[in-house]
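Listed below are the residues making up each chain.
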Amino acid sequence: MSRIRAFRRRSAPLVATVVAGVAVLAGCGDGETGSSSGDKNFVEGTGQITKVPGGERQAAPDLSGKGVDGERLDLSDYKGKVVVLNVWGSWCKPCRDEAPNLAKVARETDDEDVQFVGINTRDLDRANAKSFERNYEVDYPSFFDPSGKLILRFPRGSLSPQAIPSTLILDREGKIAVRALKELSERELRSALDPLTAEK
């Protein structure tokens, strides 16, 4: 067996893994999986907001891992609350545009059994994510998910986050009630969130 053929055989599993990872991230951004700079490295959402009736909702995966602050973060800790789960990156202009809206509504609903949680993705350096949170006064926690592994936890065919930014709203049972594949205004967020906070 030639050296070239031997190398190809040994490297095939690695190549397959890398290709699979890039394909997933391509759903969230273009081929540049690198850093936290640039405003164009994202796939724009469809502009669609999907709302699911109570009896038809699927459970969100039980996400856990390290936060942007380095502390452990578990989505299951917020069971019983309405959870707003926002996928963002510091490099993403629409994320920067919607961040003040999310931060404002998070503060206003703090006493309404609502918990905001972020999934920071494709930021290879925590410092960029931390700077984003400071600049936009984001007080709620975010998972640090540079490679998009947490996004992969959403099953195929479910209302998964498919663009950056994406926002999911989970009902009090941890089921996906709303998915927005777009940058959200304060009004749009409130319109999607308020009916869920009213559910008992």
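Coordinates for the structure precede this section.
What counts as what
- Residues numbered from 1 in each chain as written.
- Predicted model: local features only at pLDDT ≥ 70, side-chain atom pairs only at ≥ 80, totals over all residues.
- Heavy atoms only, no water.
- Helix = DSSP H or I, 4+ residues; strand = E, 2+ residues; numbered from the N terminus.
- Contact = heavy atoms within 4.5 Å.
- Core = buried A, V, L, I, M, F, W, Y, C linked by side-chain atoms within 4.5 Å.
- Buried < 20%, exposed > 50% of the residue type's maximum accessible area, 1.4 Å probe, protein only.
- Pairing = 2+ DSSP bridges.
- Right-handed = clockwise from strand over helix to strand, strands pointing away.

(A) Layout of the environment of proline 141. Within the secondary structure, proline 141 sits in the loop between helix H3 (126-135) and strand S6 (142-145). When the C-alpha positions of proline 141 and leucine 73 are compared, they lie 7.9 Å apart, and in sequence the two are 68 residues distant. Setting aside residues no more than four positions away along its own chain, proline 141 makes contact with Leu73, Tyr78, Gln115, Phe116, Val117 and Gly118.

(B) Structural context of the nonpolar core. Judged by nonpolar contacts, the single largest core of 47 residues is most densely connected at Leu63, Leu85, Phe116, Val117, Ile169, Leu189 and Leu193. Residues within four places of phenylalanine 116 in sequence aside, it is in contact with Val84, Leu102, Val105, Ala106, Thr109, Tyr140, Pro141, Leu189 and Leu193.

(C) Structural context of the pairing of strand S4 (residues 82-88). In terms of burial, S4 is largely enclosed, as seven of its seven residues are buried. Burial along S4 is two-sided: Val82, Val84, Asn86 and Trp88 facing one way and Val83, Leu85 and Val87 facing the other are all buried. Where S4 meets strand S5 (residues 114-121), seven bridges bridge the pair, whose relative direction is parallel. Each residue of the ladder has a partner; that of valine 82, found in S5, is valine 114. In this fold, the crossover linking S4 to S5 by way of helix H2 (residues 93-108) has right-handed handedness.

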